[in-house]
Amino acid sequence: MNFFKKLFGLNKKKEEEYSGNFIVATLNDKVMPIDRGEIYEDPLDEFLQANGIGEVTGGGTMQLESGELEYCDVEIQLNSDEINENHIKLIIEKLEERGAPKGSKLTTEKTEQKIEFGKQEGLGIYLDGINLSDEVYKNSDSEALAIEIRRLANIKDNVLRYWQGNTETGLYYYGESFEKINESIANLVNIHPECENCRIERVA
C-alpha cells in the first residue's frame, strides 16, 4: 500500500527574544506538518496580526514510537504582558472554526493554565499491511480508498490524513460525529478488499 510522502519536522521561525506571553495550542489532529501550516498556522497568524493580538511563532508534530502521528502544536506569542481572556477565547474560536478536534488544549506558559477545547470527533481506520493476499496488495490504491471514504463520510476538507507503518496504514477522518462517520462507511468497509482485517478506532 503505497502513499505519497511528505516531510516531517518542525516549522519554526528563527528564535528571537520576545516580550509578551506565550501560549501553545496542542491540537488532537493527526495532520502532516505541511497541512498543519495551511489549516491552522497560516490562518491563525493572519487573524492574530490583523487584530493586534500577537503572532504564530512556530509549530511541531509529535510522533509515537511507531512513527504514527499523535498530535501537533502551534506556538503563539501574544503582544500583551497580561493575559487577556477575550483574546484567549478568540484564539480558541478561530482554531475550532478551522476544525480543531475534541481533546485539544491551550496552555498558557506564564500561568500554566490549560484550557480544553475542540468540537470535531475523529475516526481512524487501520488497514492490514501484511496479512492480506498478494493480489490485494498488487491492486491496492490506498489514496483512492481514502478519498472514497472521505466522500461517503461527507468530510468537508480535502486533506488526506494518513500514516504508513510497517504492518498497517492509518487513515484519519474528522467530522461532527464519530458514529456518523462510522455508519457512513460501514458498507464499504465490509466489502472492500483492502479493508479486510481492518480496525476502527475513535481518535478524537
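Above: the structure in question.
So, here is what we can say about the structure in this document. Because the structure is predicted, anything quoted here is derived from the model rather than measured. (Residues numbered from 1 in each chain as written. Predicted model: local features only at pLDDT ≥ 70, side-chain atom pairs only at ≥ 80, totals over all residues. Heavy atoms only, no water.)

A positive phi angle is found at Asn-154, which is not glycine, with a value near 55°. Along the chain, Asn-154 falls in the loop between α4 (142-152) and β7 (161-164). Overall, the relative accessible area of 51% leaves Asn-154 in the exposed class. One non-glycine residue, Asn-197, lies in positive phi territory at about 70°. (Helix = DSSP H or I, 4+ residues; strand = E, 2+ residues; numbered from the N terminus. Buried < 20%, exposed > 50% of the residue type's maximum accessible area, 1.4 Å probe, protein only.)

With that out of the way, let us pick up the sheet that holds strand β9 (residues 199-202). Spatial ordering of the open sheet is given by β7-β8-β6-β9, a layout of 4 strands whose pairing is antiparallel. Edge strands, defined here as strands with exactly one partner in the open sheet, are β7 and β9. The average angle at which neighbouring strand axes cross in this sheet is 20°, direction not considered. One ladder, built from 4 bridges, connects strand β6 (residues 121-128) with β9; its direction is antiparallel. Following the sheet pairing, Gly-124 is matched in β9 by Glu-201. (Pairing = 2+ DSSP bridges. Axes fitted to C-alpha atoms, helices over the stretch in contact; angles between N-to-C directions.)

Bringing the pairing of β6 into the picture now. The buried fraction of β6 amounts to 8 of the 8 residues, a majority that puts the element mostly inside the structure. A two-sided burial pattern is seen for β6, the buried positions comprising Glu-121, Leu-123, Ile-125 and Leu-127 on one face and Gly-122, Gly-124, Tyr-126 and Asp-128 on the other. Pairing geometry for β6 and strand β8 (residues 168-175), over 8 bridges, is antiparallel. When the sheet's bridge partners are listed, Leu-123 is paired in β8 with Tyr-173.

Before going further, it helps to examine the packing of aromatic side chains. Overall, the coordinates contain 1 aromatic pair when judged by the stated rule. Between Tyr-126 and Tyr-172, the aromatic rings sit 6.0 Å apart at their centres with planes inclined by 80°, giving edge-to-face as the arrangement. Of this pair, Tyr-126 sits in strand β6 while Tyr-172 sits in strand β8; the two residues are 46 residues apart in sequence, bridging distant segments of the chain. Its relative accessible area of 4% is what places Tyr-126 among the buried residues. Stacked on the ring of Tyr-172, the Lys or Arg Lys-30 has its end atom at 5.6 Å from the ring centre. (Phe/Tyr/Trp six-rings, centres within 6.5 Å; stacked < 30°, edge-to-face > 60°. Lys NZ or Arg CZ within 6 Å of the ring centre and 35° of its normal.)

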